[in-house]
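# Overview (structure and organization)
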Amino acid sequence: MTEKESLYYKLRLIREAEKAIIREYPSNDIKTPCHLAIGAEAIAVGVTHVFPKAAIFGSYRNHHWYLASGGDLGNFFLELYGKENAIADGKAGSMHLSSPETGLMLTSAVVGTQIGPALGYALGKRLQGKEQIVICVLGDGATEEGVFHEALNVAALYELPVIFIVEDNDLAIHQKKKVRQSYDLKRLVESYGIAYYSDEATTVSKVIDKCNQVRKLPALLHFRYHRFYEHVGISEDYNAGYREKPIKQWDPLASEKRRPRLDLEIGNAINSAIEKARLAPTPPPEKLLEHVFQPA
Ligand SMILES: Cc1ncc(C[n+]2csc(CCOP(=O)(O)OP(=O)(O)O)c2C)c(N)n1
Ligand SMILES: [Mg+2]
């Protein structure tokens, strides 16, 4: 595949996987709550393209990071269907997907909980003499958590090789930034001496260009995007009254010309992964507490 084809493949794979979840969800076979990434595809695809060897730490809105990092599609659907698989036998669900072998170290449902481990990982690798770029992905809402402010301080103080990626949809569930935030992110970040970059994630090339501008770490890249679906779930909720349908073009796939051969390949791969997941046996009850941390 050419570079352009492989970028397209990932963008389309993420979009089609999300659309397949929307299609399948009403059957109630997928029990896990899903925070869809439709609209944010270009962020994960662009960032992992420029930093393919990074260790990534993210939130519950993670499908795009799992698939962009190269996570296995079969395990993705097995996990969503709660079946035995190499992620967590259904215990992780959509919100705690991971794929350490492709760089996605952890994702978490509790807002901001990925931030501390991301910094700790970066520092740990340095102490082992194995410096590695760490991508810490968080939403605009998570920038309000205290740990984010502490992380900026520590990352700057120790000059850790961390890239904060802020995925800004202007929303924390139903609330817009203007009723939640007293600070300007650029001024806040720059006050720590951390380089700040921002753009709209409306095409993958915009995201790639921004990533390529990064010269020194730590850095923070602030990408605005439009969340096309409700916070969690499969409905468009523009009728709920807290936000409007976008007038401008925010869809990062709108500028991508269709590639029928790849589209067919992607459609087949998703259908067969879903079929396998549906038919796979449910893990036996004894496995429920396997790999679960239980304090003594
Ligand atoms: C510590 C904590 N507080 C509150 C919640 C409830 N909650 C779940 S998602 C969310 C909004 C987060 O918004 P943002 O960080 O912008 O991410 P987005 O969902 O927009 O991607 C909130 C408040 C939570 N999961 N964890
Ligand atoms: Mg948000």
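Residues numbered from 1 in each chain as written. Chains lettered and ligands numbered in written order. Predicted model: local features only at pLDDT ≥ 70, side-chain atom pairs only at ≥ 80, totals over all residues. Heavy atoms only, no water.

## Things to note about the overall build of the protein
Quick note on the threshold: Numbering of helices and strands starts at the N terminus; helices are DSSP runs of H or I of at least 4 residues and strands are runs of E of at least 2. Each radius of gyration reported is based on C-alpha atoms, and the globular scaling rule is 2.2 Å times the count of residues to the power 0.38. The contact criterion used is simple: two residues touch if any of their non-hydrogen atoms lie within 4.5 Å.
In terms of regular secondary structure, the protein is built from 9 helices and 8 strands. Against the compact-globule benchmark of 19 Å for 296 residues, the protein has a radius of gyration of 19 Å, which places it among compact chains. A principal-axis box enclosing the C-alpha atoms of the protein has dimensions of 55 × 55 × 45 Å. When contacts within the protein are restricted to residue pairs at least 6 apart in sequence, long-range pairs at least 24 apart make up 72% of them.

## A look at the site of ligand 1
The criterion, for reference: Nearness is judged by heavy atoms alone; a residue qualifies as near a molecule or strand once a single heavy atom is within 4 Å of it. Here a polar contact is taken to be a pair of N or O atoms separated by no more than 3.5 Å, where protein atoms must pair a possible hydrogen donor with a possible acceptor and residues adjacent in sequence count only if both atoms sit in side chains. Residues are grouped as follows: Ala, Val, Leu, Ile, Met, Phe, Trp, Tyr, Cys and Pro are nonpolar; Asp, Glu, Lys and Arg are charged; all remaining types, including Gly, are polar.
In the vicinity of ligand 1, 15 residues are found, and the nearest of them are Tyr60, Arg61, Gly141, Ala142 and Asn169. Within the contact set of ligand 1, an oxygen atom lies 2.8 Å away from a side-chain nitrogen or oxygen of Tyr60. Here a nitrogen atom of ligand 1 and a backbone polar atom of Ala109 are 3.1 Å apart. Class assignment of the residues belonging to the shell around ligand 1 gives a composition of 8 nonpolar, 4 polar and 3 charged.

## Observations regarding the packing of helix α5 (residues 115-127) against helix α6 (residues 146-157)
Put simply, the rule reads: What counts as an axis is a line fitted to C-alpha atoms, over the stretch in contact for a helix, and the angles between N-to-C directions run from 0 to 180 degrees. The cut-offs work like this: below 35 degrees is roughly parallel, past 145 is roughly antiparallel, 65 to 115 is roughly perpendicular, and the gaps in between are oblique. Crossing handedness is defined as follows: a turn of the near helix away from the far one that is anticlockwise and smaller than a right angle gives a left-handed crossing, while the clockwise case is right-handed.
As a packed pair, α5 and α6 sit with axes 9 Å apart at the nearest point and diverge in direction by 15°. Relative to α6, the element α5 lies roughly parallel. Seen along the crossing, α5 lies across α6 with a hand that is left-handed. Every residue of α6 that contacts α5 at Ile115, Gly116 and Leu119 is listed here: Val147, Phe148, Ala151, Val154 and Ala155. The residue makeup of the contact of α5 with α6, split by class, is 7 nonpolar, 1 polar and no charged.

## Some details on the side chain of Arg12
Defined as follows: The rule is simple: take the accessible area with a 1.4 Å probe, protein chains only, and divide by the maximum for that residue type; under 20% is buried, over 50% is exposed, in between is partly exposed.
Checked against the element boundaries, Arg12 lands in helix α1 (residues 3-24). Judged by relative accessible area, Arg12 falls into the buried class, the value being 6%. If near-sequence neighbours (up to four positions away) are discounted, Arg12 is found in contact with Leu253, Arg258, Asp263 and Ile266.

## Describing the side chain of Ser94
Looking at where Ser94 falls in the secondary structure, it is placed in the loop between α4 (73-80) and β2 (104-108). Non-local contacts of Ser94, meaning those with residues more than four positions away in its chain, are made with Thr32, Pro33, Cys34, His35, Tyr60, Asn62, His63 and Leu80.

## Overview of the packing of aromatic side chains
The line we're drawing: Between the rings of Phe, Tyr and Trp (Trp by its six-membered ring), a pair exists once the centres lie within 6.5 Å; its type follows the angle of the planes, with under 30 degrees stacked, over 60 edge-to-face, and the other angles tilted. As a reminder, the over-ring test applies to NZ of lysine and CZ of arginine, requiring each to be within 6 Å of the ring centre and within 35 degrees of the ring normal.
Counting across every chain of the model gives 4 aromatic pairs. Lying across the ring of Trp250, Lys248 places its NZ or CZ 4.4 Å from the centre. Positioned above the aromatic ring of Tyr8 is the side chain of Arg259, whose terminal nitrogen or guanidinium carbon lies 5.5 Å from the ring centre.

## Digging into a nonpolar patch on the surface
Here is the rule we go by: Patch membership needs two things, relative accessible area over 30% and no salt bridge, and members are linked within 9 Å if like-charged or within 5 Å if nonpolar (Val, Leu, Ile, Met, Phe, Trp, Tyr). The accessible surface values rely on the Shrake-Rupley method and a 1.4 Å probe; as for residues, cover is taken only from the protein chains in view. Put simply, a salt bridge is a Lys or Arg side-chain nitrogen that is within 4 Å of an Asp or Glu carboxyl oxygen.
Among the surface-exposed residues, Val154, Leu157 and Tyr158 lie close enough to one another that they form a single nonpolar patch of about 280 Å² accessible area. Within the secondary structure layout, Leu157 lies in helix α6.

## Comments concerning the coordination of the magnesium ion (ligand 2)
Definition in use: Shown as donors are all N, O and S atoms within 2.8 Å of a metal ion, widened to 3.2 Å for Na, K and Ca; because water is not in the atom set, sites may appear incomplete.
The coordination sphere of the magnesium ion (ligand 2) contains the protein donors Asp140 (OD), Asn169 (OD1) and Leu171 (O), at a distance range of 2.1 to 2.2 Å. Counting gaps between the donor residues of the magnesium ion (ligand 2) yields the pattern D-x28-N-x1-L. With a gap of 29 residues between them, Asp140 in the loop between β3 (134-139) and α6 and Asn169 in the loop between β4 (162-168) and β5 (171-172) connect regions that are remote in the sequence. You'll find Asp140 and Asn169 in the same group, each marked buried.

## Remarks on the nonpolar core
The condition that has to hold: Take the buried Ala, Val, Leu, Ile, Met, Phe, Trp, Tyr and Cys residues and link them wherever side-chain atoms come within 4.5 Å; each set so joined is a nonpolar core.
Among the nonpolar cores identified, the biggest contains 66 residues, and Val47, Trp65, Phe76, Phe77 and Ile135 are the most heavily contacted of them. With 10 residues, α1 is the largest single contributor of residues to this core. Not counting residues within four places of it along the chain, the set of residues in contact with Phe77 comprises Ala17, Ala20, Ile21, Ile270, Ala273, Ile274 and Ala277. One finds Ala122, Phe148, Val162 and Leu220 within the second-largest nonpolar core, a separate group that totals 25 residues.

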